[in-house]
Amino acid sequence: MGIFPGNTSSSIWVIADQKGFFAQHGVKADFIDFTTGPALAAAVVSGSVDVAYGASSVSFAVARQSSNLEVLGDFVQYIAYPVVVAKAKATSSADAGFPANVKSLKGLKIGVTALGGIVNKYMDAVLQSAGVSPDSVTYIATGTVTSAILALKNGKVDALVANPPQTIQQAGVDAVEVVNPDMKGNAGPAADNALGELDTTSRSFMQAHAATLNNYCKAMRQAVSWTEDPANLDAASQIVAKQLSIPVPEAQSELKDALPTYSSALPESVWGAQPSWLTGGTTPAYSTTVDASCGQ
């Protein structure tokens, strides 16, 4: 299983393992760490890994190039990246609502996980939907949550994308939330129903190990259901805190922000409605790219 170890995007896989859901379904989890989406997608297609986290923008591109990539319908995470600005850099328009809130970002140094990655593309789309050129901001790669917050705290960036405001405040950084996709219309149309993370495998693995893959999907669906239960928030936060090497309260804030974006279903209507900035212009056919029944 290929994952990004220092990112909450991979937390559901770690939770499935730590809670024993994989083992319950006869699946042994061996994690292989990756640092970039393209490298991970290439590993899936080549068969170096059997299943993996997949950034949607990368998965769409690879699916167009290779008939061997298969998207599983057992887990998806929708994009809901807030934009947080250091209070000293925030203008009076920061809380004015769209598009004024987005226009207030002009001229800022904005931290994104990786240059050219899905977070970067998302931010481009948000700016453009507000009539702001992406060239009017400076993007800086900040990597993991810990390094990103440190960059904001030290003034290396003025703003961050995809970091929960609570986590930043707990780190002692005085910042304000300028964009919140969870608030209808606050990020413009760029984030509507946009897929952030997918679960992927190769068609060759699916054909050769159908029963194992189905059990894997059952475990993933069970992990999503367990994690979404409020009664399990503390236990799930403990697992995420250990995974990310952060304090439990920070992990809980990360998880609370992520949970509303989780889903164990990927309907064709959602697949077909993905924005062009995310798909690269065309969306691969649902019928030949998505196995929505895996684990059901």
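Report follows, based on the coordinates. For clarity, every value in this text was computed on a predicted model and none was experimentally measured. Counting restarts for each chain, with residues numbered from 1 along the sequence as it is written. For this predicted model, a pLDDT threshold of at least 70 governs which residues receive local features, and a threshold of 80 or more governs which side-chain atom pairs are given and counted, while totals over whole chains, interfaces and linings are taken from all residues. To obtain the side-chain values, all non-hydrogen atoms of the structure were included, while hydrogens and water were left out.

As for the state of the cysteines
Sulfur atoms of two cysteines make up a disulfide when they are within 2.5 Å. One pass over the structure, following the stated rule, counts one disulfide. Put simply, C217 and C294 are joined by a disulfide, and their sulfur atoms are 2.0 Å apart. Taking the sign of the torsion about the S-S bond as the criterion, the disulfide between C217 and C294, at about 90°, is right-handed. Separated by 77 residues along the polypeptide, C217 in helix 10 (residues 210-228) and C294 in the segment after strand 12 (290-291) bring together distant segments of the chain. Of the two residues, C217 and C294, both sit in the buried class. Strands here are runs of E lasting at least two residues and helices are runs of H or I lasting at least four, both read from the DSSP assignment and numbered beginning at the N terminus. We call a residue buried when its accessible area falls under 20% of the maximum for its residue type, exposed when it is over 50%, and partly exposed in between, using a 1.4 Å probe and counting protein chains only.

Notes on the pattern of salt bridges
For this analysis, a salt bridge means a side-chain nitrogen from Lys or Arg found within 4 Å of a carboxyl oxygen belonging to Asp or Glu. Tallied over the entire structure, the rule returns two salt bridges. Salt-bridge contacts for D30 lead to K28; the nearest nitrogen and oxygen are separated by 2.7 Å. Relative accessible area serves as the criterion here: at 67%, K28 is assigned to the exposed category. Ionic pairing is found between R203 and E70, a salt bridge with its closest N-O pair at 2.7 Å.

Overview of the packing of aromatic side chains
Between the rings of Phe, Tyr and Trp (Trp by its six-membered ring), a pair exists once the centres lie within 6.5 Å; its type follows the angle of the planes, with under 30 degrees stacked, over 60 edge-to-face, and the other angles tilted. For the structure shown, the criterion picks out 10 aromatic pairs. Taken together, a centroid distance of 4.7 Å and an interplanar angle of 55° make the contact between F4 and Y53 tilted. Placement of the pair is F4 in the loop between strand 1 (2-3) and helix 1 (11-18) and Y53 in strand 3 (residues 51-55), with a sequence separation of 49 residues. The same class applies to F4 and to Y53, which are both buried. Arranged with centres 6.2 Å apart and planes meeting at 75°, the rings of W13 and Y53 form a pair that is edge-to-face. In this pair, W13 is assigned in helix 1 and Y53 in strand 3, connecting sequence segments 40 residues apart. For the residue pair W13 and Y53, the accessibility class agrees, reading buried in each case. Three or more aromatic residues joined by ring pairs make a cluster, and in this case those are F4, W13, Y53, F75 and Y262.

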